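Structural description and commentary
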Amino acid sequence: MNISALLTSVGINTAVCLVLLSVYSILRKQPSNVSVYFGRRLASVCPRPSDPFRFVRFVPSPSWIVKAWETTEEEMLAVGGMDAVVFLRAVVFSIRIFSIAAVICFLLVLPVNYYGQEMRHKQIPSESLEVFTIENVKEGSKWLWAHCLALYIITCSACILLYFEYKSITKMRLEYFTRSPPNPSHFTVLVRAIPQSSQESYSDSIKKFFTTYHASSYLSHQMVLRCGRVQKLMTDAEKMYLILKAASVEQNCKPNLIQCGLCGGPTHSFNILSSETDSDKGKTGFSDLDLATIRKECPAAFVFFKTRYAAVVAAQVLQSSNPMLWVTDLAPEPHDVYWSNLCIPYRQLWIRKIGTLVAAIAFMLVFLIPVTFVQGLTQLEQLQATFPFLRGLLKKKYMSQLVTGYLPSVILILALYTVPPTMMLFSAVEGSISRSGRKKSACCKVLCFTIWNVFFVNIFTGSVISQLNVFSSVKDIPAQLAKAVPRQASFFVTYVLTSGWASLSCEVMQFFALFCNLVKRFILRTNDDSSNGIFSFPYHTEAPRLLLFGFLGFTCSILAPLILPVLLIYFSLAYLVYKNQILNVYVPKYESGGQYWPIVHITTIFSLVLSQIVALGVFGIKRSPVASGFTIPLIICTLLFNEYCRQRFLPVFKSSAAEVLIEMDRKDEQSGTMEEIHQQLHSAYCQFKLISQELCRSQCLNNQGEGDSSLDPEKLKSGLIHPMLARLPLPGIKEIIGWLSLLFSFQERNQAS
């Protein structure tokens, strides 16, 4: 690839970015798109009425960029939580380190690469990209010390920045833990693999065990119930039936007309219960119903303790001589619990992990097909030999530049869109007990997958068999990498252009949400700006992409310095785009406390070590023993630095300090809030949202001069709440499904009686 082909890719991606960002600045001003571009604010604040027609709404403006730039880290912490701050810290770290790398490499490395051999240079647009890489330096050159010096400066700068970032984020995590309001998860332990007994239930076994061995600290417990999707829906209908049967409809409420979800007309089929009369007259209510016959317990429970310290001790201590029984873990936050995985037998978890690992490897091997096809597009000679009928078309200058400089990256990016949902599925099958844990596991899988396929597979051209045979000898890996990485530098540059710049534009545009909003408004004719479609930040897709580009930057910094300005533009734009999305679009549904920073740290260390190994192989091929000798101590020092950080900072992210927990417990006891916290624990972990509050606690409407009364459609929510029903965009569909399931339950009861 020559510089003109690279500039063609730069021009295409720059035009795409500018157009999409301009369109976004217009679309975000339209009142009809408030649910797409201001979902977080919509979830917390009632939508304002539509603005009148103004010309300024249709003029692109950089106001969102200014707002994102002016937002401080404290404001981001209050809005998006600590995970969002850690993610943005990773972006800022990348901007800092690659700014240093760009200055050093453009002053030292790039001139050495360009004048590495005695040759007559062409004009810059006609020069091949290989002229600007280390491949252009002749063997035995004394100027390779410049590359070694640049490698030392980049590594030392990265380690210093990593140390201070790790230290700062660790301190922030401790402050966030101590200053946040009391969290029920700090007092709760998840117990799994409860032994089954024919003489007593799981609940009785839990109570007997913890009152025996944790008598001084045990408070209470809550059993986990089996939760299939159909079972949850039907048991909700059963619950409604028991409420209607236990209450006296004639005495406790007056008839109300409910708008039918099918035809829109009134119906007298159901009456709304009054919780006020139940409480006043002492009737059988919601809390008096026995659900033991409706739902089946599974061998898992949330156990509540009186102090945070007691909960941590119980979670970390082996409870039984058999490690496969009475397994304890600190419970996730109530909104973070992944309920469907709590009923998985604990003995199956290791089998599930092995199965998902095998499935991930198989998926990785299948993915070699599009990667190999992409690599064939980057080589015109092989493409013309394989497809002779394309020779005439590929001889055109513009088509050859488009095929080699833009099309391969686009095809690979489209294929990579299937990876995050697949890895999320694998992480769910593994048996993670929390949604944040599932997303973190998917993040690691996607990161490993993309690094392997985008970097390692792409640098070895040829068929799948040759790609596998290249690792037949471990000793040849540095030499093979040293030969292959500079040759594929052009592909990595275009990949950052296409996957980086364009992906940020697509992220800010929210194409899928925008399409759903257009369908809802112009096809389904509904104007309900609800927050049911609001999602949390997709760390499992954005964090791997960010770390992959950092990986490519470290690996190619001294080999192909032209990638650095492209990366700097990407990270700068990413800083503004992600801040805007966190401020306006995504809602932090749960918090992991900055657990993504250890992933950032270890990935950066791996990138540094690999870049040093590749540089060592290049120095060996170029016959520079001095540069090779100085690179070996650098690898050792980098690994020692990583071990120090692992011992110094990582334990804080895995467990809590006893002194912090005890001080927090003492503070709550002295302030008298401990009893209030204990009372809130019983209702914190609600597995099923059985019936909406509007239906359970709605007051009977008094007829004031009118013969009938009707419910306010804004107050009539779903009759039976279910996680799948909440995602439906159609108003009234949730009510229809809820009422139909209830009607079927009544019919079955009548037939049985």
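Residues numbered from 1 in each chain as written. Predicted model: local features only at pLDDT ≥ 70, side-chain atom pairs only at ≥ 80, totals over all residues. Heavy atoms only, no water.

1. Description of the packing of helix H5 (residues 73-114) against helix H24 (residues 539-556)
- Between H5 and H24, whose axes approach to 11 Å, the crossing angle comes to 15 degrees. In this view, H5 runs roughly parallel relative to H24, as classed from their interaxial angle. Once H5 is placed against H24, the crossing between them reads as left-handed. Across the interface between the two elements, Asp83, Ala84, Phe87, Ala90, Val91, Ile97 and Phe98 of H5 pack against Tyr539, Glu542, Ala543, Leu546, Gly550, Gly553 and Phe554 of H24.
- In terms of residue class, the contact of H5 with H24 is made up of 10 nonpolar, 2 polar and 2 charged. (Axes fitted to C-alpha atoms, helices over the stretch in contact; angles between N-to-C directions. Helix = DSSP H or I, 4+ residues; strand = E, 2+ residues; numbered from the N terminus. Parallel < 35°, antiparallel > 145°, perpendicular 65-115°, else oblique. Left-handed = near helix turned anticlockwise from the far one by under 90°. Contact = heavy atoms within 4.5 Å. Nonpolar A, V, L, I, M, F, W, Y, C, P; charged D, E, K, R; others polar.)

2. Topic: empty space enclosed by the protein
- For the structure on display, the rule yields 5 cavities of 30 Å³ or more.
- The volume enclosed by the largest cavity comes to roughly 150 Å³.
- Looking at the largest cavity, it is lined by 15 residues, and the ones nearest its centre are Gly80, Phe537, Tyr539, Pro588 and Tyr590.
- Broken down by secondary-structure element, the contributors of at least two residues to the lining of the largest cavity are H5 and helix H19 (435-459).
- By residue number, the principal contributor to the lining of the largest cavity is H5, which donates 3 residues.
- The class makeup of the residues in the lining of the largest cavity is 9 nonpolar, 3 polar and 3 charged.
- Looking at the second largest cavity, its volume works out to about 90 Å³.
- Forming the boundary of the second largest cavity are 13 residues, of which Phe93, Ser94, Leu547, Gly550 and Thr604 lie nearest the centre.
- The element that contributes the greatest number of residues to the lining of the second largest cavity is H24, accounting for 5 residues.
- Residues belonging to the lining of the second largest cavity are distributed by class as follows: 8 nonpolar, 5 polar and no charged. (1 Å grid on protein atoms, 1.4 Å probe; cavity = no way out; pocket = protein on both sides within 12 Å on 5 of 7 lines; lining within 4 Å. Points joined across faces, edges and corners; volume = space filled by probe spheres on them.)

3. Details of a positive patch on the surface
- Side chains of Lys167, Lys171, Arg179 and Arg648 sit close together on the surface and give a patch of like positive charge.
- The element best represented in the positive patch is helix H6 (residues 145-179), accounting for 3 residues.
- If you trace the backbone, Arg648 turns up in helix H27 (residues 625-648).
- Residue class for Arg648 comes out partly exposed when judged on its relative accessible area of 40%. (Patch = residues over 30% accessible without salt bridge, like charges linked within 9 Å, V, L, I, M, F, W, Y side chains within 5 Å. Areas by Shrake-Rupley, 256 points an atom, 1.4 Å probe, with all protein chains shown as cover. Salt bridge = Lys/Arg side-chain N within 4 Å of Asp/Glu carboxyl O. Lys, Arg positive; Asp, Glu negative; His and termini not counted. Charge placed at Lys NZ, Arg CZ, Asp CG, Glu CD. Buried < 20%, exposed > 50% of the residue type's maximum accessible area, 1.4 Å probe, protein only.)

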